[in-house]
Amino acid sequence: MSVLPSRLMALAKLRATIFGTTWNPESLRTGSKILKARLRGPSMLRYYGDRLSGFAGLNNAIPGLELRDVAEETRLIDLETRRKRGKAKADEPA
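Residues numbered from 1 in each chain as written. Predicted model: local features only at pLDDT ≥ 70, side-chain atom pairs only at ≥ 80, totals over all residues. Heavy atoms only, no water.

K.L.:
Can you walk me through the pattern of salt bridges in this structure?
P.N.:
Opposite charge on two side chains permits pairing when their charged atoms draw close. For the structure shown, the criterion picks out two salt bridges. Residues Arg-68 and Glu-73 are paired through a salt bridge, measuring 2.9 Å at the closest nitrogen-oxygen approach. Classification of Arg-68 by relative accessible area gives exposed; the value is 56%. (Salt bridge = Lys/Arg side-chain N within 4 Å of Asp/Glu carboxyl O. Buried < 20%, exposed > 50% of the residue type's maximum accessible area, 1.4 Å probe, protein only.)

Put into structure tokens, the structure is as follows:
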């Protein structure tokens, strides 16, 4: 004796509502496996700590440490010379 597919589908739907799972009869990819997983961000932050962004971040984090960003200083000097000649863009930050 065989069971009708519609009865099996109804049983699967009832099972999904009882056990709190997602009803997905078309077997579409929903991403629920990833969404149910525990977030990795907080544990990674605890392990690696806060990121320091370049020379400015290091100088702010460690008082008395005066590192120079030569590339940034060169960029500022070049920008100043372009402004003197009137070649710099108006919206270009200093």
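Continuing now.
K.L.:
So what exactly am I meant to see when it comes to helix H1 (residues 5-19) here?
P.N.:
One turn of the α-helix equals 3.6 residues, which is why residues spaced by three or four share an orientation. The first and last C-alpha atoms of H1 sit 21 Å apart over 15 residues, in line with the 21 Å expected at 1.5 Å per residue. Gly-20, located one to two residues past H1, shows a positive phi value of around 70°. (Helix = DSSP H or I, 4+ residues; strand = E, 2+ residues; numbered from the N terminus. Expected span 1.5 Å × (residues − 1).)

K.L.:
So what exactly am I meant to see when it comes to the packing of aromatic side chains here?
P.N.:
Working definition: an aromatic ring pair is given by the centre-to-centre distance plus the angle between the planes. Applying the stated criterion to the full structure yields one aromatic pair. Centre to centre, the rings of Tyr-47 and Tyr-48 are 4.8 Å apart; their planes meet at 90°, and the pair counts as edge-to-face. Take Tyr-47 and Tyr-48: they sit in the same class, and that class is exposed. (Phe/Tyr/Trp six-rings, centres within 6.5 Å; stacked < 30°, edge-to-face > 60°.)

K.L.:
So what exactly am I meant to see when it comes to a nonpolar patch on the surface here?
P.N.:
Taken together, the side chains of Phe-55, Ile-62, Leu-65 and Leu-67 present a nonpolar region at the surface, about 300 Å² in accessible area. Along the chain, Phe-55 falls in helix H4 (residues 54-61). (Patch = residues over 30% accessible without salt bridge, like charges linked within 9 Å, V, L, I, M, F, W, Y side chains within 5 Å. Areas by Shrake-Rupley, 256 points an atom, 1.4 Å probe, with all protein chains shown as cover.)

K.L.:
Explain unusual backbone geometry here, please?
P.N.:
Most peptide bonds are trans, and most residues other than glycine sit at a negative phi. If you check the backbone angles, Ser-27 has positive phi at about 55° while not being a glycine. Note that Ser-27 resides in the loop between H1 and helix H2 (32-36). Residue classification places Ser-27 among the exposed residues on the basis of a relative accessible area of 63%.

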